[in-house]
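Architecture and fold: a report
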Amino acid sequence: MNSFINSIEYHLPERTIDCHALDDTKPHWHVHNSLPKTGVRYLHHSAKDETTLQLAHKSASKALEGVPENELPDTLIVCTQTPDQLLPHVSACLQHELGLPSSTKCFDISLGCSGYCYGLSIAYGYIAAGISKRVLFVTVDNYSKTIDPENKTSFLIFSDGSSATIIDKPDSAPSFLFGTDGSRSGAIRCINTGISVVTGKNTDTPIARPDLQMDGFNVFQFTVKTIPAEIRKLAEQAGTGMEHIDLFVFHQASNKVLESLASKLNIPDEKMIIDLYDVGNTTSSTIPIAMKRAEANGRLHRGDTVMLFGFGIGLSWSGAVFKY
């Protein structure tokens, strides 16, 4: 059997933060009360001088370890919303760091929590069209450098990290579904970033730090009201129905979100992955990290029919159903 996903590797920074310890320094946050909702006990933050490129390289180099030269990917896609700079693209820098040949097709996509299935679909499209034979798809974000340490909503959820997925031509085509509601795009945004930081500003005006802002209530309402119907639609489109999915791996947003989706969709516990406690929300990397850990724990097996579904920034969503 030719698998769509050949392998997954991931990297989480060594620096960890125990959210319980924050009760000593931020007693007004009542972190012990938040944990059942977030599901996150330990966060992973990159070192002060650790770059997005370095995070990406750690998972990508692990994925390529032992791959013969004649089997190296001919395409490299990087999904990130925290590039080290606007130019050049992260994938170009990563191609050089990995020692991939100059014939490698390299480009970035800018997506957050829905980015993994978008990237899988692009990789599949390139392979199906004969443009690529094998794709290395890297997801990476360095969110801690954009979060105000006094912003409880964001600080208690997001971790830094990266994943690297090797993608091959499968025996049967995956099924994909996408959607966007740009009218709600202001619900998650990072201000003081991009060209808007400097365009039209007085040269004497200091540039403010990036600041990730999230309207948690509206994002939750969007997720529990919009996403269940989209998940059912994907299951029908794939011809499996909800009952024939062996494992559901959704974006690991929070315990509350995942438990709400499972309840609305009547997904039994044994088919639902909730894995945030010692990882956190790593945006576009949550799904591949959860898959890799589920396989290691014996919950995901080759030949399983899996549904992946991401949702978030945009506000956008994307899903995929395929044989693992």
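It should be noted that the structure appears before, not after, this text.
I will try to describe carefully the structure that is included in this document. (Residues numbered from 1 in each chain as written. Predicted model: local features only at pLDDT ≥ 70, side-chain atom pairs only at ≥ 80, totals over all residues. Heavy atoms only, no water.)

**Some details on the nonpolar core**
Rules: Remark: nonpolar core denotes a set of buried residues (Ala, Val, Leu, Ile, Met, Phe, Trp, Tyr, Cys) joined through side-chain atoms within 4.5 Å. Summary of the burial criterion: residues with accessible area below 20% of their type's maximum are buried, those above 50% are exposed, and those between are partly exposed, where the area comes from a 1.4 Å probe applied to protein chains only. The way it works is that DSSP assigns letters per residue, a run of H or I at least four long becomes a helix, a run of E at least two long becomes a strand, and they are numbered from the N terminus. In what follows, residue pairs with any heavy atoms lying within 4.5 Å of each other are defined as contacts.
Counting residues in each nonpolar core, the largest one holds 45 residues, and the members touching the most others are F250, M307, F309 and F311. Elements with a minimum of two residues in this core: α7 (216-238), β11 (247-250), α8 (255-265), β12 (305-312) and β13 (316-323). Residues contacting F250, with those up to four places away along its chain left out, are I231, L258, L261, L265, I267, M272, I287, M307, F309 and F311. One finds I5, L111, V249 and I273 within the second-largest nonpolar core, a separate group that totals 31 residues.

**What about the sheet that holds strand β5 (residues 105-109)?**
Note the cut-off: Strand pairing is assigned whenever DSSP identifies at least 2 bridges connecting the two strands. Interaxial angle, 0 to 180 degrees, is taken between N-to-C directions of lines fitted to C-alpha atoms, where a helix line uses only the stretch in contact.
Sheet architecture is open: 5 strands sit in the order β1-β7-β6-β4-β5, paired in mixed fashion. One side of each edge strand has no neighbouring strand; the edge strands of this open sheet are β1 (5-11) and β5. For this sheet the average axis-to-axis angle between neighbouring strands, irrespective of direction, equals 15°. Strand direction decides the pairing type here: strand β4 (residues 75-79) and strand β6 (residues 135-141), joined by 5 bridges, are parallel.

**Some points on the packing of α7 against α8**
The line we're drawing: Working rule for angles: under 35 degrees goes down as roughly parallel, over 145 as roughly antiparallel, 65 to 115 as roughly perpendicular, anything else as oblique. Take the far helix as the reference: if the near one is turned anticlockwise from it by less than a right angle, the crossing is left-handed, and if turned clockwise, right-handed.
With their axes 10 Å apart at the nearest point, α7 and α8 run at an angle of 40° to one another. Between α7 and α8, the angle is such that the two are oblique. Crossing handedness for the pair α7 and α8: right-handed. The segment α7 lies against α8, with F220, T223, V224, I227, P228, I231 and R232 engaging K256, V257, S260, L261, K264 and L265.

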